[in-house]
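Each chain is listed here by its residues.
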Amino acid sequence: MKLTPEPVAGAGIVLRPWELADADILPSLCNDPLIQRFMPLFPSPYTAEDALMWVTQGSAWSDTGVAFAITDEKSGEILGGTGLSSLHWTRSMAEIGYWVAASARGRGVAKATVAALSQWAYSKGFYRLELLAAKDNPASQRVALASGFRREGVRSKIAPDREGNRRDLVAFVRMRDDAPGPVRRLLPDFPGGVLTDGVVNVRPLRPTDVDDYLAIYELPEVAESTIGGEMTSDEAYRKCHTAESAWLSGDVAECVIEDAATGAFAGEISLRYWQPMLGEALIGYSLRPEFRGRGLMTRAVDLLSTWAFRDAGIVRVKAGTFRENDASRAVLTRAGFTWEAEARAFLPGPDGTRIDDIQYVRVSPDYQASVSKP
Ligand SMILES: CC(C)(COP(=O)(O)OP(=O)(O)OC[C@H]1O[C@@H](n2cnc3c(N)ncnc32)[C@H](O)[C@@H]1OP(=O)(O)O)[C@@H](O)C(=O)NCCC(=O)NCCS
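How each quantity is defined
- Every chain is numbered independently, its residues counted from 1 as its sequence is written.
- A pLDDT threshold of at least 70 governs which residues receive local features in this predicted model, and a stricter bar of 80 or more applies before side-chain atom pairs are shown or counted, although totals over entire chains, interfaces and linings include all residues.
- Each helix is a run of H or I in the DSSP string that is no shorter than four residues. Each strand is a run of E no shorter than two, and both are numbered from the N terminus.
- Between the buried cut of 20 or more and the exposed cut of 12 or fewer other C-beta atoms within 10 Å of a residue's own C-beta lies the partly exposed class, and all C-beta atoms are placed from the backbone.
- Here, residue contact means that the backbone-derived C-beta atoms of the two residues sit within 7 Å.
- In short, DSSP must find at least two bridges between two strands for them to pair.
- Here an angle of 0 to 180 degrees is reported between the N-to-C directions of two axes, which are lines fitted to C-alpha atoms, with helices fitted over the stretch in contact.
- Residues are counted as near a molecule or strand when the C-beta atom, derived from backbone positions, lies within 6 Å of that molecule or strand.
- Expected span of a helix, by definition, is 1.5 Å for each gap between consecutive residues, and there is one gap fewer than residues.
- Note on terminology: a nonpolar core is any set of buried Ala, Val, Leu, Ile, Met, Phe, Trp, Tyr and Cys residues joined through C-beta atoms within 7 Å.
- As annotated, the domain borders come from an automatic or database domain assignment.
- The residue classification treats Ala, Val, Leu, Ile, Met, Phe, Trp, Tyr, Cys and Pro as nonpolar and Asp, Glu, Lys and Arg as charged. All others, Gly included, are polar.

Relative to the elements of secondary structure, Arg 316 occurs in strand S14 (residues 316-321). Residue classification places Arg 316 among the partly exposed positions, given that 18 C-beta atoms sit within 10 Å. Each C-alpha atom, one on Arg 316 and one on Leu 117, is 41 Å from the other, the two residues being 199 residues apart in sequence. Leaving out residues up to four positions away in the same chain, Arg 316 has contacts with Gly 279, Glu 280, Val 361 and Val 363.

Here's what the structure looks like:
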């Protein structure tokens, strides 16, 4: 299939073929750090020669793809670039890609672009469009979900980076006959970005939390109760840099507990949505020693559970503790959980041993209301 770019109108934007005059502006737009980081096939640095090469030759590779400039509908200013590239054109599949100039971000340009280019592609006979984003590029993943592309999985080692390594990318897909509108997320964002009761804040884990996050897992009592192996600095880095992606995927809401008065990192808490079909999530947590004994964890567990019931429609929040962990059981009881079961040999322990899990649960108040009716 051979495609020729043509003007395509979208919300506040027009996609059009690249022109010779666009070469002047491209280096200043494409040397932006975020574009350099997430568009690894772009030259680095991006020079005037690269720009000239792109507008005269590179953007015209119509046998394997099609490229457009994203322009402002009114001023004609270049806002970014987009295109389709061939995966299996014989199977009516293509990959959609985009970048937006730093000065034009955060006002819906990428979303308008994906909507306009998708419609154009479907009108040309494509059925399945893919959008691939790095695990540590939540902005692009949000564009995908907001544009109705659902997360399909992870493409392992699909993308070479500038250092010669190969990186995983998250694959999102949208079919021609999918319903319009954004993808509904299992784990929505916190309203206003944070849960707070004035004493503790519970907010999403971020890339800047690596040191604090690692330090808490290095505490002996936390390391001993962590299932799945020792936390290394590489793992802490990976966790903090991909936490937003894991949240967007609906797997787990990884959070930091802050002392609301000072903003200090007091601990961590997570809610893993392990059984979406049953509406059941698992909560886990740990607090730095200097913040213990003040009821902070009880507050954090209550805030996160209340959000899970109210905003994520979760019905059961469960937590397991080791038999000897009286402090954790006291937190759960004070946060409205009740003992439910003793799961024998439920957890893998050190050296091939198994550990009993003492399980507590708190049930959504909506459900409790419905079962208490006659
Ligand atoms: C990713 C990128 C294209 C987003 O462009 P944009 O025009 O700012 O995105 P939009 O304004 O259309 O936002 C679309 C959605 O993404 C969300 N979003 C965009 N940037 C975000 C950010 N930095 N943080 C959180 N959310 C973000 C918006 O909130 C919006 O979601 P909503 O409709 O649910 O509110 C831009 O940041 C960019 O060019 N990055 C570098 C290159 C790149 O990553 N390209 C994609 C490679 S896969």
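Below, the discussion takes up the sheet that holds strand S4 (residues 78-86). Overall, mixed pairing links the eight strands, which are arranged S1-S2-S3-S4-S5-S6-S8-S7 in an open sheet. Of all strands in the sheet, those with a lone pairing partner are strand S1 (8-9) and strand S7 (150-160), marking the two edges. In this structure, strand S5 (residues 93-100) lies alongside strand S6 (residues 128-134), joined through three bridges in parallel fashion. For Met 93, the partnering residue across the bridge sits in S6 and is Arg 128. Docked against the sheet, helix H4 (residues 109-123) engages S1, strand S2 (13-16), strand S3 (65-72), S4, S5, S6 and strand S8 (166-175), running at close to 155° with respect to S5.

The next subject is the site of the ligand. Residues in contact with the ligand amount to 22 residues; listed here are only the nearest, Phe 38, Arg 105, Ala 110, Ala 139 and Arg 142. Counting residues per element, the ones that place at least two in the shell around the ligand are helix H2 (33-38), S5, H4 and helix H5 (138-146). Considering every element that reaches the shell around the ligand, the biggest residue donor is H5, with six residues.

The next point concerns H4. Between the first and last C-alpha of H4 there are 21 Å, a value that for 15 residues agrees with the 21 Å anticipated at 1.5 Å per step. Turning to H4, its buried residues are Val 109, Ala 110, Lys 111, Ala 112, Thr 113, Val 114, Ala 116, Leu 117, Ser 118, Trp 120 and Ala 121. Just downstream of H4, Gly 125 is the residue with a positive phi angle, here 110°.

It is worth spelling out the nonpolar core at this point. The biggest cluster of nonpolar side chains holds 45 residues, and the ones touching the most others in it are Ile 96, Leu 117 and Leu 131. Looking at this core, the element that brings in the most residues is H4, giving eight residues. Dropping the residues within four chain positions of it, Leu 117 is found in contact with Val 8, Leu 15, Thr 82, Leu 84 and Ile 96. Grouped together as the second largest cluster of nonpolar side chains are 44 residues, Leu 195, Cys 255, Ile 257 and Phe 309 included.

Entries for the protein chain in the domain assignment read domain 1 (8-175) and domain 2 (191-372). The gap between the C-alpha centroids of domain 1 and domain 2 is 37 Å. Taken together, the contact pairs eight residues of domain 1 with six residues of domain 2. Residues of the side of domain 1 that touches domain 2, tallied by class, amount to three nonpolar, one polar and four charged.

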